[in-house]
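Residue-level structure breakdown
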Amino acid sequence: MILMENVSKWYGSFQVLNGCTTSVSKGEVVVVCGPSGSGKSTLIKTVNGLETIQEGKITVEETIVSNRKTNLNQLRSRIGMVFQNFELFPHMSVLENVKLGQMKVLGRADSESENKAKLLLDRVGLADHAAKFPSQLSGGQQQRVAIARGLAMDPIAMLFDEPTSALDPEMINDVLDVMVELANDGMTMMVVTHEMGFAKKVADRVVFMDEGKIIEDATKDDFFGSPRSDRAQQFLSKILSY
Amino acid sequence: MQYNWDWGILFRDPYIWWLVDGLQWTLTIAICAWVIAFCLGSILGIMRTSINPYLRFIGTAYVELFRNVPLLVQLFLWYFVFPELLPEEAGRWVKREMPMPGFTTTVLALGLYTASRLCEQVRSGIEAVGIGQRNAGRAIGLSETKVYIHILLPNAYRIIIAPLTSEFLTIFKNSSLALTIGVIELTGMTRQIEEYTFQGFEAFTAATVIYSLVTFTVMGFMLHLEKRLYVPGMIAAEK
Ligand SMILES: Nc1ncnc2c1ncn2[C@@H]1O[C@H](COP(=O)(O)OP(=O)(O)O)[C@@H](O)[C@H]1O
Ligand SMILES: [Mg+2]
């Protein structure tokens, strides 16, 4: 469903992505990991065109993302995205956050949007918080609202950029639980995360990045069983050593 | 030398009406100029944060041009020089037939100048809201325009309410420059009262009190507005 072929990107003379090739099939969960600054956020943002690329090709279903003529807004409305810092809209209630895209992008009626929003908030365990403002929620709760906001658009795939790395430890599991459930429901997901427990539980494949390159792209069992590259091994031993 | 205090002068016909009339001019100039500054400044501020490099350039050029020439110089340029640069017909119209030339020129000059300052406030507000919010809006499929309407601007204006208040108060005070091109607004009327009655102290005290009262009223109104628009957890701009 998502296909990246030889994707390269530069910030000035600094090459942040270097010939990245990978894919996510329908219903697949792909975890992307790697050291800080290796280009994971940049890579995942190229999928919905939040970051442009200079070389290569990205295809989502039949849409070529990197094509200038592509209607990016329409593409984005079909791909959910969850950010490290939640990025809920602070001037809107939780309910309005989940309604906004439905109404202003999909053109759904107010009542339909509201019903859908309530249903999704219930699904992420926040039905009681619909009237609150984002700042009145904990980080874990905000992130679950952000997931609901993405799901409200009936996406064909969900992108996650380190969804739990800004959270206090005791809230991480609440968010991961929602994501695991989503994965088990068959959602196509690309997830940048260092939560290897999550990867072991639901990932189909693991992509390991370093310095803008995809060093390893393996099935979960291969990756955790016998990572081929030294760097992936080092990385794993570092984050799994605690 | 003996100074004869006479506070009663302020309440006597016609002087009290002069003050009222002056205040009316001052307020009218300030409000009209504010409307221009706010609308144009917002458009320019949006342009300066746009993804389109041409729009960004226009915004930047405007700010550099208007912010770096003293307001009084701009006022004189618009009043004395600008009509000469127009085609003959238009120039004559501006000089001879344009209604209330001093007032119109002041409103325009003050509005265009303050727009450059408003632009910078709006730009800094939008930047404070941040790229993360912009991307979150884009990620659900909102167009650039809708990202501005539904996300960036509502947050940016909330952040910059305090600086906007002081910009309005500055316009209000700057409106007294109008007297240099013959508009007898509040300060002008005050001088006129002094010339007619020699009660300068009383007249200028009255003007000071009136300016202060308006300032406090505006500040009170803006505080009220800030409370009305408050959302929990909102970041405030540094003054
Ligand atoms: N807008 C930018 N301009 C210049 N360099 C950037 C920009 N955004 C990210 N980078 C650089 O690109 C590299 C990869 O960043 P990022 O994709 O955020 O890495 P990761 O998410 O893996 O930590 C980093 O070295 C970062 O400093
Ligand atoms: Mg990152």
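Check the entry above for the structure.
What comes next is a walk through the structure. (Residues numbered from 1 in each chain as written. Chains lettered and ligands numbered in written order. Predicted model: local features only at pLDDT ≥ 70, side-chain atom pairs only at ≥ 80, totals over all residues. Heavy atoms only, no water.)

Some thoughts on the layout of surface pockets
Computed from the structure, the largest pocket encloses a volume of approximately 820 Å³. Along the wall of the largest pocket there are 26 residues; nearest its centre are A:G49, A:L50, A:T52, A:L72 and A:R76. Of all the secondary structure elements, the ones that give two or more residues to the lining of the largest pocket are α2 (72–77) of chain A together with α5 (101–129), α6 (131–139) and α7 (144–159) of chain B. By residue number, the principal contributor to the lining of the largest pocket is α6(B), which donates four residues. In terms of residue class, the lining of the largest pocket is made up of nine nonpolar, nine polar and eight charged. (1 Å grid on protein atoms, 1.4 Å probe; cavity = no way out; pocket = protein on both sides within 12 Å on 5 of 7 lines; lining within 4 Å. Points joined across faces, edges and corners; volume = space filled by probe spheres on them. Helix = DSSP H or I, 4+ residues; strand = E, 2+ residues; numbered from the N terminus. Nonpolar A, V, L, I, M, F, W, Y, C, P; charged D, E, K, R; others polar.)

Describing the site of ligand 1
All names here are of chain A. Residues in contact with ligand 1, as listed here, are Y11, F14, V16, P35, S36, G37, S38, G39, K40, S41 and T42. Here a nitrogen atom of ligand 1 sits 3.5 Å away from a polar atom, N or O, in the side chain of Y11. Within the backbone of G39, one N or O atom sits 3.0 Å away from an oxygen atom of ligand 1. For ligand 1, whose accessible area on its own is 560 Å², the fraction buried by protein is 58%. (Near = heavy atom within 4 Å. Polar contact = N/O pair within 3.5 Å; in protein donor to acceptor, adjacent residues only side chain to side chain. Areas by Shrake-Rupley, 256 points an atom, 1.4 Å probe, with all protein chains shown as cover.)

Things to note about the packing of helix α1 (residues 15–48) of chain B against helix α2 (residues 53–67) of chain B
Residue and element names in this part refer to chain B. The geometry of α1 relative to α2 is characterised by a closest axis approach of 7 Å and an angle of 130 degrees between their N-to-C directions. With respect to each other, α1 and α2 are oriented oblique. The interaxial crossing formed by α1 with α2 has left-handed handedness. Residues L40, L44, M47 and R48 of α1 form the contact with α2, whose participating residues are L55, R56, I58, G59, T60, Y62 and V63. Classifying every residue of the contact of α1 with α2 by side-chain character gives seven nonpolar, two polar and two charged. (Axes fitted to C-alpha atoms, helices over the stretch in contact; angles between N-to-C directions. Parallel < 35°, antiparallel > 145°, perpendicular 65-115°, else oblique. Left-handed = near helix turned anticlockwise from the far one by under 90°. Contact = heavy atoms within 4.5 Å.)

Structural notes on the packing of aromatic side chains
If you walk through the whole model with that rule in mind, you get 17 aromatic pairs over all chains. Relative to B:F66, the ring of B:Y62 lies with its centre 4.2 Å away and its plane at 20 degrees, an arrangement referred to as stacked. Residue B:Y62 and its partner B:F66 are both found in helix α2; the two are separated by four residues, about one turn of the helix. For B:Y62, a relative accessible area of 15% corresponds to the buried category. Members of the aromatic cluster, each reached through a chain of ring pairs, are B:Y3, B:W5, B:W7 and B:F201. Just above the ring of A:F89 sits the side chain of A:R149; from NZ or CZ to the centre is 4.5 Å. (Phe/Tyr/Trp six-rings, centres within 6.5 Å; stacked < 30°, edge-to-face > 60°. Buried < 20%, exposed > 50% of the residue type's maximum accessible area, 1.4 Å probe, protein only. Lys NZ or Arg CZ within 6 Å of the ring centre and 35° of its normal.)

Observations regarding the interface of chain B and chain A
Listed as interface residues are 20 residues of chain B and, on the opposing side, 24 residues of chain A. Carbon and sulfur atoms supply 64% of the area buried between chain B and chain A, which totals about 1,900 Å² over both sides. For chain B, the biggest contributors to the area lost against chain A are B:A139, B:I140 and B:P232; these three give 30% of the whole. Connecting chain B to chain A are zero salt bridges. Looking at the side of chain B that touches chain A, the elements that each hand over two or more residues are α6 and α7 of chain B. For the side of chain B that touches chain A, the leading source of residues is α6(B), giving seven residues. Classifying every residue of the side of chain B that touches chain A by side-chain character gives eight nonpolar, nine polar and three charged. (Buried area = accessible area lost by both parts, 1.4 Å probe. Salt bridge = Lys/Arg side-chain N within 4 Å of Asp/Glu carboxyl O.)

Thoughts on helix α8 (residues 161–174) of chain B
Since the α-helix turns once every 3.6 residues, residues separated by three or four places project in the same direction. Residue and element names in this part refer to chain B. Taking 1.5 Å per residue, 14 residues should reach 20 Å; α8 reaches 20 Å between its end C-alpha atoms and fits that length. When you tally the buried positions in α8, you get ten out of 14 residues, the bulk of the element. Along α8, the positions that sit buried rather than exposed are I161, A162, P163, L164, T165, E167, F168, L169, I171 and F172. Buried-residue contacts for α8 involve α1, α5, α7 and α10 (200–229). (Expected span 1.5 Å × (residues − 1).)

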